Structure formats: C-alpha cells, structure tokens
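Observations on the three-dimensional arrangement
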Amino acid sequence: MSIDIENQIAELQKKVGKLEKGTKDQLSMVVFSGDLDKILAAMIISTGAVAYDMKVKLFFTFWATAALRDPQKKVSGKNLISKMFGMMLPKGKNKLKLSKMHMMGMGSAMMKGLMKKKNVASLDEMFKIAGELGVEINICEMSMDLMGFKKEEMMDYPHMNICGVATFLADASESKVQLFI
Amino acid sequence: MNSEELRNITANQIVDARGTACPGPLLAAKKAIGDIESGEIMEILSSDEGTKHDIPRWCEKMEHDFLGIVEEDSYTRLFLKKA
C-alpha cells in the first residue's frame, strides 16, 4: 500500500515538473513579412510585451530577413543570383515599403512623416529599444542562405542569433503567446 | 478612488510620457516602476488615448494597485501603487 502511494507521489512529481517547465510567460513571433507596416507592428508588440513582463523571441524568416541588413556593410564573394537578390530586396529597415499604398515611395514617405508627427517611434528607434529591453532576434539560416545574405552584412544588434526551425519550435512550444506576422 | 481624492495625492514618482505614442507610455511606466519601493505611488501622464486601458491591464498583470484616472484638458493622469 505505502509503496503504491510512494509510486503515485513520484509520478505526480514528474508531472508537476513537466508542467513547470511547460509554458513560460514568453512571446514567440514569426516575422515573415518584409513590409514596413508589418515589421513596425511586430516591433511595437514585442517592446510592449517586454513592458508586460514577457520574454520575447522573434524568428525572422523569408522577406523579413532583408530588413535586418546593414546598408553600410559590404560583403564580397557572392554569386550572380545572390547579388541580384541583394539588389532587388530592400537594404535594411529604412528601405522597407508599406504593404498597401506604397505608391512608388510616396505613400511610405508620407507614413514616415506622419509617424514623426504623431510621435510614433521609427523602426530605427524601435530596434534600439528592443535591443535594450533584451528582445531576442533569431534569423532563419535557410532564408539567409536562399537569398544569399551573409552574417557579416546583418545590422549590429545585441541579441541576434542565426538558427533553424527547431529553435523557433522549441521557443514557441514553451511560449504562452505565439504570433505570425 | 475618485478624481477629487486622486488630485490630493502626492506621487513618489511622476512619469511624463505625454507626446509619446503606443507603446511609449507603457515602456516609460515599466522603466520608472523600478525606481520606487513597494507601496509607493506612481503617477503617469499620458496624452495617448490607449494608455487609459493599457495601464490598468498592465497593473493587473504586474499586481500593482491601480488607483484611478484624472482627466486633464489635453492629457490623462493615471495613478498606481506599486505591489
């Protein structure tokens, strides 16, 4: 009888341990879009989440990876297709376009002007704040490889890693909130 | 607390986040709350309409005691007691 209870207690302890390791007060977000408005939304939600006492992990993949490039950094040794991708995609967060009403640059410029007027932080400021707050940015290795981006041309950011889908899945499965933008 | 009572409160810390847009006031509040002790009172000034909803929700989560709002002409004063 007592052995039975001991076994049950051991079993319960195991389960409690699993639960405690389970979901954290953490936000895990896939940032897929390379649009100005969507990345801005991702950064506002991220910094807000830190204020809301959550840990934040962003997984930048596909078009969003172009936004993390530093226009000042030059890398050599790219093949023709990589060079073309590099030229066609926005070189960094200040070259992004609105998903709607870009109007050959007029709409995006107007939006930036409006943001300034309404005291909405610019993407530059948002990334700086996010870095100070400890928002983690993980970049999808496969996307970078596909578009021919190199680690050396990415912007300086204090918490940046290059990783694969398993890292995102591990982060997401222990996060209370998961988003895709 | 009603606005009359709140107006008589002297806060230990006043955070002026007027002029900043979301999530500015929230970030300012998060930063400033570290500078006061438990039981002390913080006042947040914000001209952002959303702050009126955000700060009470944030207090709920952080377990601070949200005391209430005083509306001024062009901004809002929000009071809370640190948990």
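Everything in this summary refers to the structure shown in the same document. All of these numbers come straight from a predicted model, not from anything done at the bench. (Residues numbered from 1 in each chain as written. Chains lettered and ligands numbered in written order. Predicted model: local features only at pLDDT ≥ 70, side-chain atom pairs only at ≥ 80, totals over all residues. Heavy atoms only, no water.)

Focus on the pattern of salt bridges
One pass over the structure, following the stated rule, counts 19 salt bridges over all chains. Two residues, Lys176(A) and Asp25(A), come together in a salt bridge whose shortest N-O distance is 3.9 Å. Residue Lys176(A) is found in strand β5 (residues 175–180), and its partner Asp25(A) is found in strand β1 (residues 24–31); the two are separated by 151 residues along the sequence. The class of Lys176(A) is exposed, set by a relative accessible area of 54%. Residues Asp35(A) and Lys38(A) are paired through a salt bridge, measuring 3.9 Å at the closest nitrogen-oxygen approach. The network of salt bridges with shared partners includes Arg7(B), Glu43(B), Glu72(B) and Arg77(B). (Salt bridge = Lys/Arg side-chain N within 4 Å of Asp/Glu carboxyl O. Helix = DSSP H or I, 4+ residues; strand = E, 2+ residues; numbered from the N terminus. Buried < 20%, exposed > 50% of the residue type's maximum accessible area, 1.4 Å probe, protein only.)

With respect to the interface of chain A and chain B
Interface size is commonly expressed as the accessible area that is lost once the parts come together. Contacts between the two partners involve 15 residues from chain A and, on the opposite side, 12 residues from chain B. Counting every contact that joins chain A to chain B gives two salt bridges. In this structure, the salt-bridge partner of Asp53(A) is Lys30(B), at a minimum N-O distance of 3.7 Å. Linking chain A to chain B there are five residue pairs in polar contact (both at pLDDT 80 or more). At the level of secondary structure, the elements contributing two or more residues to the side of chain A that touches chain B comprise α2 (36–51) and α5 (123–133) of chain A. In terms of residue count, the dominant contributor to the side of chain A that touches chain B is α2(A) (five residues). (Contact = heavy atoms within 4.5 Å. Polar contact = N/O pair within 3.5 Å; in protein donor to acceptor, adjacent residues only side chain to side chain.)

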